[in-house]
2 protein chains.
Amino acid sequence: SLGWTDTDVRAVDTARVLAADAVQKTGNGHPGTAISLAPLAYLLYQNVIVHDVADPHWLGRDRFVLSNGHSSLTQYIQLFFDGFLEKSDISSLRTWGSKTPGHPEVHHTQGIDLTTGPLGSGVATGIGMAMAQRRQRGLYDPAAAPGESVFDHHVYIVAGDGCMMEGVASEASSLAGTQQLGNVTLIFDQNQISIEDDTDISFSEDVPKRYEAYGWDVRVVEWRTNHGTTSPTYVEDVDALFAAIEEGKKVLDKPTFIMLRTVIAWPSPKAQGTGKSHGSALGDDEVKGLKRELGFDPEQTFEVDEEMLAAVRKARAERSRLHRQAWNEQFAAWQQANPEGSQLLERVQAGQLPAGLDAALPSWEADEKGIATRAASGKVLTALADVMPELWGGSADLAESNNTTMAGQPSFLPDDRQTAMWRGNPYGRTLHFGVRENAMGMILNGIALEGLTRPYGGTFLVFSDYMRPAVRLGAIQQCDAIYVWTHDSIGLGEDGPTHQPIEHLASLRAIPGLDIVRPADANETAQVWKQVLARHGRPTGMILSRQALPVLDRSTMAGADGVAKGAYVLVEGSKSTPDVILIATGSEVSIAVTAAATLETQGVAARVVSMPCVEWFAEQDAAYQEQVLPAAVRARVSVEAGSSLGWREFVGDAGKIVAIDHFGASADGKRLFQEFGFTAEAVVAAAEASLARV
Amino acid sequence: SLGWTDTDVRAVDTARVLAADAVQKTGNGHPGTAISLAPLAYLLYQNVIVHDVADPHWLGRDRFVLSNGHSSLTQYIQLFFDGFLEKSDISSLRTWGSKTPGHPEVHHTQGIDLTTGPLGSGVATGIGMAMAQRRQRGLYDPAAAPGESVFDHHVYIVAGDGCMMEGVASEASSLAGTQQLGNVTLIFDQNQISIEDDTDISFSEDVPKRYEAYGWDVRVVEWRTNHGTTSPTYVEDVDALFAAIEEGKKVLDKPTFIMLRTVIAWPSPKAQGTGKSHGSALGDDEVKGLKRELGFDPEQTFEVDEEMLAAVRKARAERSRLHRQAWNEQFAAWQQANPEGSQLLERVQAGQLPAGLDAALPSWEADEKGIATRAASGKVLTALADVMPELWGGSADLAESNNTTMAGQPSFLPDDRQTAMWRGNPYGRTLHFGVRENAMGMILNGIALEGLTRPYGGTFLVFSDYMRPAVRLGAIQQCDAIYVWTHDSIGLGEDGPTHQPIEHLASLRAIPGLDIVRPADANETAQVWKQVLARHGRPTGMILSRQALPVLDRSTMAGADGVAKGAYVLVEGSKSTPDVILIATGSEVSIAVTAAATLETQGVAARVVSMPCVEWFAEQDAAYQEQVLPAAVRARVSVEAGSSLGWREFVGDAGKIVAIDHFGASADGKRLFQEFGFTAEAVVAAAEASLARV
């Protein structure tokens, strides 16, 4: 038994009252779950989660994920008890400049490890953290016995009914079962209320049975006793909950799922069990009623017993100190015993590239027949395997198509999940996400946030649509995730319109905080990888071709390292101030080069600019930008086998945009390029049209 | 027992050989599943699916959905047996202009009811068709006994391992359980092979158990007997499969899930059971081996026994005729007995609006305090409920926020799923999708493709990301689906960056074949609804504000019916050729109006253009476009609380774009508009800056 004292009980009730007051003061927010989950949250922070109230970034901490992020007060109030927040932060909930935004935001509030809000995302990202933990342990401390490594930690996820409905949680939970992740505990708060009130109208499944089907360790903690009878009772049996959590952690080869059956907003006298309490302030009367119910002064707001607070904070500080002290000693011993691992850890934490990176990067000779940039990317990954052990990744069931496998590296798999094609071990390096793009994206975010490895994941560019929620959260959270998106245009050919990206480049460029990089040939691909690995704080989408692209002749053109600036003059043309500028990306760069040569034969001085990354180019100073795209040259053409959206910015009023603004078709890719106007002739004609406008 | 003859067996084997030959000829494609699923496909088309080989659009037909669309040959070869395709179509697989693209495409190939390819999408869309069927029956023929209506039909979905991994299939399947859809049968071809070979590496769950958890009728048909032993055998027990299908159809209050355990590519001698056979041509030797195995001439390609073909086609034609004849009689009787229903059906099939629409549309008096466009939209829906019975919809658990409920209309729910808040019946009108945006989008497509009702579905604009795969498929398939996307900018306020759309308007406008409409006030909202309902062949996103917007004074400004042209001159300004044009959408239009007034006081003639729909404006002739945006006026400002991407096209080189290209924050929406520069002052300053450039 936990042996909770009156102080603990008072702390839990204080959390309920603070939640009600905070939402009431702001006038909007989500009080219900914060009130009824207060015992769970307090239990986790007080007795379960290993963390250091003096150091929110401590490497050895367990991770807490609030997947039902709208209930941010659930976490904020515990952070207040930790000492990371003060009472004034709670009372400034959801206001400009506060530390307590509507949903938890990593990098914004100390003690928050993950930005949540979009339902289900926390479940999937937390599972990603658990996967990261296992790989990190395998990378830095593989020999340690279970539970004996400084790299061991546990991930606790709290989720609501809405999270359980979202497909991304299903995807990740299925994979977690396959991966036998014993280091994650998912607590599903089943209060059967969502925004449309009683979930009976849309959600009648047997969730524990579903998690059994996924292969999880499944437990149910029932607080709603005699439910469905005429005399339902509600007993917040925290001991039973604690026992379920602790028993679940002993199951090392399965993730643990605990369904905790609660009544939302309990014990608010009238609001309990109602949909209204989910997402609206309770109202003055009800807040007072709640306070009376709990023995608080109904006329006071934000009432916190200072003695209780001091006791709770002291207990947490003491617990932190004990955990931290033991860990510090263990860490020092690990450092001593593992000088190479220590160096690697230092380098990765400092965000530095390995010394041998440049030497390891492959390069290619000029070759008209060429090589697909996806294939070049695969060769880069394999070449980097040894020098960059922190790099790892895989694909959403398209490994061979995405070229995401580093040759010879083991798969990240439980031993009994190996197959004839894929050998591996639990510490392996090649990830197999299955056909689950959104879960992949969320998992990459989780791995990136754990911070001790560098993850990538691949699918077809068209299926970036499926992972868009994860990509956006990756950008919001400044995750160092790398998306390998191949089959980047109608050039992929026969699979047809459902597989051919059109709008994707434009629509991904629209996402703030995300870099989209589309190299023109194999050498640009290698240089782009180097840049991406050197950069931090933004996810990156690598846009790669299915079809072979000529390897450009760098003896007559500029070097591929020009990609570092996002855009560079690839072919200067016959005048230093050209008549026309052709701007192209990826597979269309070689078309622009051919067009420029034709224009030159017609006496038109044509410059070719390769622009693999609009975002990197935007970072450059005005002088460099002017050098590449002189304002005086108003005759311009852009060529990209995607939507025209956004190109007017670069070609200007007089420019012409060679693009495709309709869906593709099923046929050979070369045929499609002809039919849909991605030819040197079309570019020449566009250049002439633009020249006629200036 | 089915009593299949030698002709049937030969037809099945011919299907296998044609599949192998077609992929071998093209050089790429997916032969494996088409070979091993030939008995299933033939069984369905020959003995199960009610359809008319003389009329692919017959109202009374069952629907067939191939969710594993890459195996398009599975369906194409049956369409060849139907007579919708010829052998030359099969042999021109995946080539320019053929009727047999890489993935099935509705509107492109007769007999295809759904475009598939993105895995899982067919499962969810097929479930949408089943939901549509129930509503259609309730709308047109509610009194008929079960199985006795001309509007009764069944939906058959075939899916593979990859479909079962995708979250969208999970979402829709859970909802199908809640909805107790007895009119859908999902056959899961479990061959345990996906592109990364043996699915053991990523997919180990117990799928039938999961479907039991969803509340489905679950059956397993085992063709891999003695599996896992040293002497595995494979018996294509078509009778057992047929029995499972027929028994499942007798369960009227649950959808049926049948797991059919197969060996991919069976009986190809070497390719069977391999990952390679999934997505690559088998190779000449293997194709010959398959032919030998089946008693075909290995030296011939596309060998079809004419006698067999004639017999199969004759049998299908005869079966069609019997079904059709009975249905025609029944339909005539229904028409006679239901003159009102018949009129409605005729009007809906003709794509016409009801006569009373204009009279029913609400309008609003000028009002500075105003009303949110989401609220206005809700009033429009309620006002249209009676005059437009074919219109129905709901929300992904945000009904009250999205204002998607027509007041007083019953929910679409099994009787025992009603709650205190939501009363309804199986034929009800208000849809409850749960927190499942992507499934909602797919279901809307299914409803639209069924064609006898007009569906809409709501969520927050930011969560359009979750449903993007469905939206794209809606656009590809020219579905008349309406997306009600509310909470359309940082103006939503406190929920913060995870809930505030930034890039969404731009990224949705990038999708071909989709209209994005953002009305400026309540009256534009009503007029926009009218336009959207009058249009067909493109899905539409309605972009609506959370916050109240002033109802513009139409006595001093142009009428709201100007929205029909996508953009119109709202405020003319003091000169017929203005000094500057302010282009705005949605909540920013009233800001632009204020800014124009300020500019006029400074002696600058400022025109305000309201541009609710870029796509509709692009449809107008050049004269109208020139009238609204005269080329001579180069000083221009755009104002939209979203990404700047795309606006250069309208403001030109000299223009200024008032936009937001970073994530938002959690605070009051008005504060955010101030902090992030969406004010009349900022617009005036931008106008001055643009004027300085011309």
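Just above sits the structure.
Rules used in this analysis
Residues numbered from 1 in each chain as written. Chains lettered and ligands numbered in written order. Predicted model: local features only at pLDDT ≥ 70, side-chain atom pairs only at ≥ 80, totals over all residues. Heavy atoms only, no water. Axes fitted to C-alpha atoms, helices over the stretch in contact; angles between N-to-C directions. Helix = DSSP H or I, 4+ residues; strand = E, 2+ residues; numbered from the N terminus. Parallel < 35°, antiparallel > 145°, perpendicular 65-115°, else oblique. Contact = heavy atoms within 4.5 Å. Nonpolar A, V, L, I, M, F, W, Y, C, P; charged D, E, K, R; others polar. Expected span 1.5 Å × (residues − 1). Buried < 20%, exposed > 50% of the residue type's maximum accessible area, 1.4 Å probe, protein only. Least-squares fit on C-alpha atoms with pLDDT ≥ 70 in both. Phe/Tyr/Trp six-rings, centres within 6.5 Å; stacked < 30°, edge-to-face > 60°. Lys NZ or Arg CZ within 6 Å of the ring centre and 35° of its normal.

All names here are of chain B. Contact geometry of helix H3 (residues 38-48) with helix H13 (residues 306-337) gives a least axis separation of 9 Å together with a crossing angle of 45 degrees. By the criterion of interaxial angle, the relationship of H3 to H13 is oblique. For the pair H3 and H13, the contacting residues are Tyr-42, Tyr-45, Gln-46, Asn-47 and Val-48 in the first and Val-312, Ala-315, Arg-316 and Arg-319 in the second. Classifying every residue of the contact of H3 with H13 gives five nonpolar, two polar and two charged.

Quick look at helix H14 (residues 339-350) of chain A now. The α-helix advances 3.6 residues per turn, and as a result positions three or four apart in sequence lie on the same side. Residues and elements named next belong to chain A. Helix length check: H14, at 12 residues, gives a terminal C-alpha distance of 16 Å against a target of 16 Å (1.5 Å per residue), a fit within 8%. Of all the residues in H14, the buried ones are Gly-341, Ser-342, Leu-344, Leu-345, Arg-347 and Val-348. Buried-residue contacts for H14 involve helix H6 (121-140) and helix H13 (306-337). Phi turns positive, to about 70 degrees, at Gly-351, one or two residues after H14.

Before going further, it helps to spend a moment on the relation of the copies chain B and chain A. Superposing chain B onto chain A takes a rotation of 180 degrees combined with a translation of 0.0 Å along the rotation axis, leaving an RMSD of 0.0 Å. The superposition operator between the copies reduces to a two-fold rotation axis. Both copies present the same face, since 100% of the interface residues in chain B are matched by interface residues at the equivalent positions in chain A.

Let us now look at the packing of aromatic side chains. Residues and elements named next belong to chain A. On inspection of all chains with the given rule, the structure shows 48 aromatic pairs over all chains. Among the aromatic residues, ring-to-ring pairing joins Trp-58, Tyr-140, Phe-151, Trp-327, Phe-331 and Trp-334 into one connected group. Sitting over the ring of Tyr-624, Lys-565 keeps its end group 4.6 Å from the ring centre.

Residues and elements named next belong to chain B. Its place among the elements puts Ser-72 in helix H4 (residues 72-82). Its relative accessible area of 2% is what places Ser-72 among the buried residues. Discounting residues that sit within four places of it in the chain, Ser-72 has contacts with Leu-66, Leu-93, Pro-101, Gly-102, His-103 and Pro-104.

Scope: geometric values only; no functional claims are made or implied.
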